[in-house]
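Topology and contacts: notes
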Amino acid sequence: MRESIAAVAQMPNASASRPHAPQESSPDPKPAAPEKPLPSDCCESGCETCVYDLYADELAQYRAALAAWRARHPESGAED
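Residues numbered from 1 in each chain as written. Predicted model: local features only at pLDDT ≥ 70, side-chain atom pairs only at ≥ 80, totals over all residues. Heavy atoms only, no water.

This part is about the overall build of the chain. The helix and strand inventory of the chain stands at three helices and zero strands. Reading the chain from its N terminus to its C terminus gives the helix and strand order α-α-α. Of all 80 residues assigned to the chain, the portion counted as buried reaches 16%. For the chain, contacts bridging at least 24 residues in sequence account for 41% of all contacts bridging at least 6. (Helix = DSSP H or I, 4+ residues; strand = E, 2+ residues; numbered from the N terminus. Buried < 20%, exposed > 50% of the residue type's maximum accessible area, 1.4 Å probe, protein only. Contact = heavy atoms within 4.5 Å.)

Structure below.
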């Protein structure tokens, strides 16, 4: 198996044929939504800063960033 991986790595344009090859990124990518915490992520002990508080802050930042991105990219429509 190692020999076949090494052989592929030495092939010209090997990264283009791999399914998980890094792709060129946009100079202004659309913001990604934060991941919502699972119910098991909260210990329910009344922490000063709960995972749900952090998520709410990240979600507010995401929404502001998305609104700014949409203003820069009106052709994208208003999905999401």
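Moving on: the environment of Gln-61. If you trace the backbone, Gln-61 turns up in helix 3 (residues 51–72). By relative accessible area, Gln-61 is classed as exposed at 56%. Between the C-alpha atom of Gln-61 and that of Pro-31, which follows or precedes it by 30 residues, the distance is 9.9 Å.

Time to look at helix 3. Counted at 1.5 Å a residue, the expected span for helix 3 with its 22 residues is 32 Å, and the 31 Å between its end C-alpha atoms agrees. The complete set of buried residues in helix 3 reads Tyr-55, Leu-59, Tyr-62, Leu-66 and Trp-69. Projected onto a plane normal to the axis of helix 3, the buried residues spread over an arc of 90° and lie on a single side. The outward face of helix 3, more than 90 degrees from its buried face, is lined by the exposed residues Gln-61 and Ala-71. (Expected span 1.5 Å × (residues − 1). Arc of directions from axis to C-beta.)

Another aspect to go through is the state of the cysteines. A complete count under the given rule lists zero disulfides for this structure. Free of any disulfide, Cys-42 has its nearest cysteine sulfur in Cys-50, 3.7 Å distant. Cys-43 supplies the cysteine sulfur nearest to Cys-47, a cysteine that is in no disulfide, at a spacing of 3.4 Å. (Disulfide = S-S within 2.5 Å.)

Counted by the stated rule, this structure contains one salt bridge. Here Arg-72 and Asp-28 are joined by a salt bridge, their closest N and O atoms 2.8 Å apart. Taken together, the residues span a long stretch of sequence, with Arg-72 in helix 3 and Asp-28 in the loop between helix 2 (14–17) and helix 3 at a distance of 44 residues. The exposure class assigned to Arg-72 is partly exposed, which follows from its relative accessible area of 47%. Asp-28 sits in the partly exposed class, given a relative accessible area of 22%. (Salt bridge = Lys/Arg side-chain N within 4 Å of Asp/Glu carboxyl O.)

Chain-level pLDDT for the chain is 78 on average; 65% of the residues reach the 70-or-more range. Here helix 2 is the element of the chain with the lowest mean pLDDT, 43, and helix 3 is the one with the highest, 97. Counting interchain partners and residues more than four positions distant, the pLDDT-below-50 stretch residues 1–19 has five contacts. (pLDDT = per-residue confidence, 0-100.)

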